[in-house]
Amino acid sequence: MNAFFSNFSRPSRPLIRFFKILTLLFALIFVFPFFSCSKQKEVDYFDYVSELRSNILLAESDGLTLRVYGVTKEYPYAADGVPRDTTTRAEFFLVAPSGDQEYHLSFTVNGENYDGDMSYDNVKAEYYFSRALNIESVKEIPCVITCGEKEISFTARSVVDDTTYTPKKALQTLVDAEKTLFEEWTDEYGFIGEIYLRLIHEDAPYYYIGLIDRNGKIVAFLMNAETGRILAKREQ
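What counts and what doesn't
Residues numbered from 1 in each chain as written. Predicted model: local features only at pLDDT ≥ 70, side-chain atom pairs only at ≥ 80, totals over all residues. Heavy atoms only, no water. Helix = DSSP H or I, 4+ residues; strand = E, 2+ residues; numbered from the N terminus. Contact = heavy atoms within 4.5 Å. Areas by Shrake-Rupley, 256 points an atom, 1.4 Å probe, with all protein chains shown as cover. pLDDT = per-residue confidence, 0-100. Phe/Tyr/Trp six-rings, centres within 6.5 Å; stacked < 30°, edge-to-face > 60°. Buried < 20%, exposed > 50% of the residue type's maximum accessible area, 1.4 Å probe, protein only. Lys NZ or Arg CZ within 6 Å of the ring centre and 35° of its normal.

A word on the overall build of the protein chain
Here is step 1: Looking only at helices and strands, one finds four helices and 15 strands in the protein chain.
Here is step 2: Considering only residue pairs separated by 6 or more positions, the protein chain has 56% of its internal contacts joining residues 24 or more positions apart.
Here is step 3: Accessible surface for the protein chain amounts to roughly 15,100 Å². Of this, 52% is attributable to carbon and sulfur atoms.

This is the structure in structure tokens:
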């Protein structure tokens, strides 16, 4: 009997190695989940966009030029590196031969009619109207501009088509291209700034993407909205 128990009191080397391996496996099972949980969560940088211009519609008729923007902006506006609650609006800008007339705007979106008087901006030398309305996916807006007894009808059409990057795709393209920059601007709590993401249109669509930190530093990019190519980068 003593000889039988003595075999257990002196385990063989292979048995010792077995218990060591088993102990290591248990350690890996419990330690790895701990590290994976403590790692920084993946950041959705689109959550930090405090100003978004996602659509532009253009029209021109009888000496008048109309631009319509689909925007989402924080209110009140503050370029301080801290994203806040935003509102979604449709903004109308009218360039006329002079600024001494009164213009009334009527338009239709998704079967609903809207209207209002346009205000004149002396600094930008253009008329302006804005209201809470989501036109991010709108392809065209029939409009009527009334000036006194005269009515001018035209249809504003979107510059966005199937070849245009969505805002999310444009931002992700920038994140992929500027990994080091975004890593520097990200801590354990998330992105340490706010992002301006504006569709613009000259001869073709582009994206302006501006990063603003809480100390006022700005890093801005110009991107081709059809290819995702970064055309310019500026820091200040």
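Back to the text.
Details of the confidence of the model for the protein chain
Here is step 1: Considering every residue of the protein chain, the mean pLDDT works out to 87; 83% of them sit at 70 or more.
Here is step 2: This stretch, residues 1–9, has a pLDDT under 50; its non-local contacts, to residues over four places away or in other chains, come to zero contacts.
Here is step 3: The low-confidence segment residues 25–39, where pLDDT is below 50, has one contact with residues more than four positions distant or belonging to other chains.

A few points about the packing of aromatic side chains
Here is step 1: Following the criterion strictly, the structure yields 14 aromatic pairs and no others.
Here is step 2: Residues Y45 and F191 carry aromatic rings whose centres are separated by 5.5 Å and whose planes lie at 90° to one another, so their mutual orientation is edge-to-face. Of the two residues, Y45 is situated in the loop between α2 (13–38) and β1 (49–61) and F191 in strand β11 (residues 190–191); the sequence distance between them amounts to 146 residues.
Here is step 3: When its relative accessible area of 2% is taken as the criterion, F191 is described as buried.
Here is step 4: We note R53 situated over the ring of Y69; from NZ or CZ to the ring centre the distance is 4.1 Å.
Here is step 5: Above the ring of Y165, the side-chain terminus of K169 is found at 4.2 Å from the ring centroid.

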